[in-house]
Amino acid sequence: MSKLKTTYDYHRNALIDLASEFTICESFASGNTPYMDILPRPEAYGAMVGGFLEDRHALVPGSAVMEIGGGYGSLMKGLLTHRQDLVRKACMTDLSMYLLKRQKQVLSPFSPGVSYIRGNIHDIIPAIRSIDLLILNEVIGDLDTLTDIAAQNPGKEVLKLIETYGLKTPERGKFNLNIGAIKVVEAICRSNMTAFITEHSCDPIIPDDMPYLSRGLQPEGFPRQIRLKGHDEYTIRFSHLVDVAQTYGKRVLTGPLTEVVGLRHKPSLQFVFQARACSTTKQEIAFEVLDHIREYRWMIIF
């Protein structure tokens with residue numbers, strides 16, 4: 001019997017501490033974090049995202065931008081600091097009132113150009129009007145996941161999704177399905193927005209110049225549980241989300257998050273990752289970043 005795993009109550013009521021979990025956004029939140037040492041061009045994560053989206057014509061002059069689940073506001077701060085000339089208005093949406101307050105403090109220098117809404121992602125997206133770009137950074141792994149689905153008897157809801165979108169699933173045993181993420185992509189595709197999505201993936205794309213990062217990874221895996229303080233998240237099967245978006249006739253770009261942060265192959269990084277023996281703090285930081293970012297993917301839906 002499948003089970004629905006949700007983090008709704010946690011994100012609505014908890015005093016969320018992002019320091020208790022590794023996030024790419026907070027690791028590269030500003031140019032002076034120790035994590036910047038591994039980047040060829042150190043820059044705040046939001047600035048990197050803004051430049052990446054501008055280069056792919058997802059962020060254009062006069063854009064109205066909404067970020068859902070913006071954490072401490074670090075991404076939007078970096079984006080507005082370096083790409084404010086492209087942003088007509090910005091909106092932060094979150095289920096957590098605690099995080100919305102943090103975001104409002106962090107983004108106060110950009111007031112009154114930023115608005116704030118408390119709400120559930122599944123209610124907000126269908127109601128969005130006049131937004132050009134939606135950002136979901138390290139968010140969709142928190143959404144509802146169906147677990148312990150029997151491959152040979154998945155149930156009507158799952159079977160309908162499989163048949164509608166041609167989703168690849170295991171032929172035997174049990175698996176998990178990112179049902180919340182699928183519903184969000186469906187809602188995005190029914191709108192006229194461009195969306196940028198990042199998250200831990202269970203079907204990662206390894207950069208051609210960094211093949212050593214594939215060690216121990218399943219390139220065609222299915223969502224797995226990530227245990228965190230006060231809640232669990234699940235990795236995302238990005239190929240499922242691509243299937244959904246393409247069924248709606250959307251154009252999709254996707255790749256490894258190393259492309260967004262500009263991480264390039266260096267012999268020193270390869271040595272640290274393969275040796276798995278760190279003698280300095282700098283090496284420990286490099287290994288931590290590589291071990292996480294190798295699983296992350298980005299996706300743009302046009």
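Calculation criteria
- Residues numbered from 1 in each chain as written.
- Predicted model: local features only at pLDDT ≥ 70, side-chain atom pairs only at ≥ 80, totals over all residues.
- Heavy atoms only, no water.
- Axes fitted to C-alpha atoms, helices over the stretch in contact; angles between N-to-C directions.
- Helix = DSSP H or I, 4+ residues; strand = E, 2+ residues; numbered from the N terminus.
- Parallel < 35°, antiparallel > 145°, perpendicular 65-115°, else oblique.
- Left-handed = near helix turned anticlockwise from the far one by under 90°.
- Contact = heavy atoms within 4.5 Å.
- Nonpolar A, V, L, I, M, F, W, Y, C, P; charged D, E, K, R; others polar.
- Pairing = 2+ DSSP bridges.
- Buried < 20%, exposed > 50% of the residue type's maximum accessible area, 1.4 Å probe, protein only.
- Right-handed = clockwise from strand over helix to strand, strands pointing away.

Caption draft 1: View of the packing of helix H8 (residues 179-190) against helix H9 (residues 238-247). Interaxial distance between H8 and H9 falls to 9 Å at its minimum, and their mutual angle equals 25°. Taken together, H8 and H9 sit at an angle that is classed as roughly parallel. Like other packed secondary-structure pairs, H8 and H9 cross with a definite hand, here right-handed. When H8 is examined against H9, the residues Ala 181, Ile 182, Val 185, Glu 186 and Cys 189 are found in contact with a partner set consisting of Leu 241, Val 244 and Ala 245. Taken together, the residues of the contact of H8 with H9 break down into 7 nonpolar, no polar and 1 charged.

Caption draft 2: Layout of the sheet that holds strand S8 (residues 194-200). Judged by pairing direction, the sheet is mixed, and its 7 strands sit side by side in the order S4-S3-S2-S5-S8-S12-S11 without closing on themselves. Whereas interior strands pair on both sides, the edge strands pair on one side only; in this sheet they are strand S4 (114-118) and strand S11 (252-256). If you compare each strand with its neighbour and ignore which way they point, the axes differ by 15° on average. Judged from the 5 bridges that link them, S11 and strand S12 (residues 296-301) form a sheet pairing that is antiparallel. Counterpart to Val 252 in the pairing with S12 is Ile 301. Contacts from helix H3 (residues 45-55) reach strand S5 (133-137), S8 and S12 within the one sheet, and its direction differs from that of S8 by about 130°.

Caption draft 3: Broad picture of the pairing of strand S3 (residues 87-94). Counted residue by residue, S3 has 6 buried out of 8 residues, so it is predominantly covered. Pairing of strand S2 (residues 63-68) with S3, which is carried by 6 bridges, proceeds in the parallel orientation. From the neighbouring strand, Ala 64 faces S3, where its bridge partner is Lys 89. The β-α-β motif built from S2, the intervening helix H4 (residues 74-83) and the parallel element S3 has right-handed crossover chirality.

Caption draft 4: Geometry of the side chain of Arg 294. For Arg 294, the position within the fold is in the loop between helix H12 (281-293) and S12. Owing to a relative accessible area of 9%, Arg 294 belongs among the buried residues under this scheme. Discounting chain neighbours no more than four positions away, the residues touching Arg 294 are Pro 204, Ile 206, Leu 213, Ser 214, Arg 215, Leu 217 and Phe 273.

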